[in-house]
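Residue-level listing of the chains:
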Amino acid sequence: MRRIIIIVAGICVAVIFYMLVSCITQIRKEWWRRILLLAGCWILIYMIIYTGDLDNLPPTLLFFLVCVWNACCGSGLKRLTIGMMLASVMLALNALFDNSIVFFSV
């Protein structure tokens, strides 16, 4: 039951992050592009990132940038910039939380 609650909470946060992306830039109308961007947001939020982690960080960043590139409208520089801005903030928060969870666990 606890695992289901964690997954549902992750999906809710991914939807909120998806809405943040849609506030910054226009998302294309095709349904499969929207689902791809939602999946990219979910992977970005749900990925565990540790300090010096080169196994999870590059593929997650690359997958999210591909999702933003395919789902958003605008020039290539705009899509790349938006993807990098949002990914860097979320990955930094993930790394901060994942590396400091030991201090807060009981």
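Structure first, text after, so check above.
If you're wondering where the values come from, they're calculated on a predicted model, not measured in any experiment. (Residues numbered from 1 in each chain as written. Predicted model: local features only at pLDDT ≥ 70, side-chain atom pairs only at ≥ 80, totals over all residues. Heavy atoms only, no water.)

### Some details on the pattern of salt bridges
Selection rule: One speaks of a salt bridge when a side-chain nitrogen belonging to Lys or Arg is within 4 Å of a carboxyl oxygen belonging to Asp or Glu.
Per the stated rule, a full pass over the model turns up 1 salt bridge. Between Glu30 and Arg33 there is a salt bridge; the shortest N-O distance is 3.1 Å.

### Some points on the packing of aromatic side chains
How two aromatic rings sit relative to each other is set out by the distance from centre to centre and by the angle between their planes. The condition that has to hold: Aromatic rings from Phe, Tyr and Trp, taking only the six-membered ring of Trp, are treated as a pair when their centres fall within 6.5 Å; an angle between ring planes under 30 degrees marks them as stacked, one over 60 as edge-to-face, and anything in between as tilted. Definition used: whenever NZ (Lys) or CZ (Arg) falls within 6 Å of the ring centre and also within 35 degrees of the ring normal, the charge is taken to sit over that ring.
For the coordinates displayed, the defined rule picks out 2 aromatic pairs. Above the plane of the ring of Trp69 lies Arg79, whose end atom (NZ or CZ) is 4.1 Å from the centre.

### Here's the deal with helix α2 (residues 31-46)
Note the threshold: Every helix listed is a DSSP run of H or I at least four residues long, and every strand listed is a run of E at least two residues long, numbered separately from the N terminus. How far a helix is expected to stretch is found by multiplying one less than its residue total by 1.5 Å. The rule is simple: take the accessible area with a 1.4 Å probe, protein chains only, and divide by the maximum for that residue type; under 20% is buried, over 50% is exposed, in between is partly exposed. Note that the arc is defined by the directions from the helix axis to the C-beta atoms.
The terminal C-alpha atoms of α2 lie 22 Å apart, and with 16 residues this matches the ideal 22 Å at 1.5 Å per residue to within 8%. Within α2 the residues assigned to the buried category are Arg33, Leu37, Gly40, Cys41, Leu44 and Ile45. The buried side chains of α2 occupy one side of the element, clustering within an arc of 130 degrees when seen end-on. Opposite the buried face of α2, by more than 90 degrees, sit the exposed residues Trp31 and Ile35.

### Brief notes about the environment of Cys41
Where we set the bar: Contacts are assigned to residue pairs that have any heavy atoms within 4.5 Å of one another.
Locating Cys41 in the fold gives a position in helix α2. It is 22 Å that separates the C-alpha atoms of Cys41 and Gly52, two residues lying 11 residues apart in sequence. Here Cys41 is in contact with Ala14, Phe17, Tyr18, Val21 and Phe64, once residues within four sequence places are set aside.

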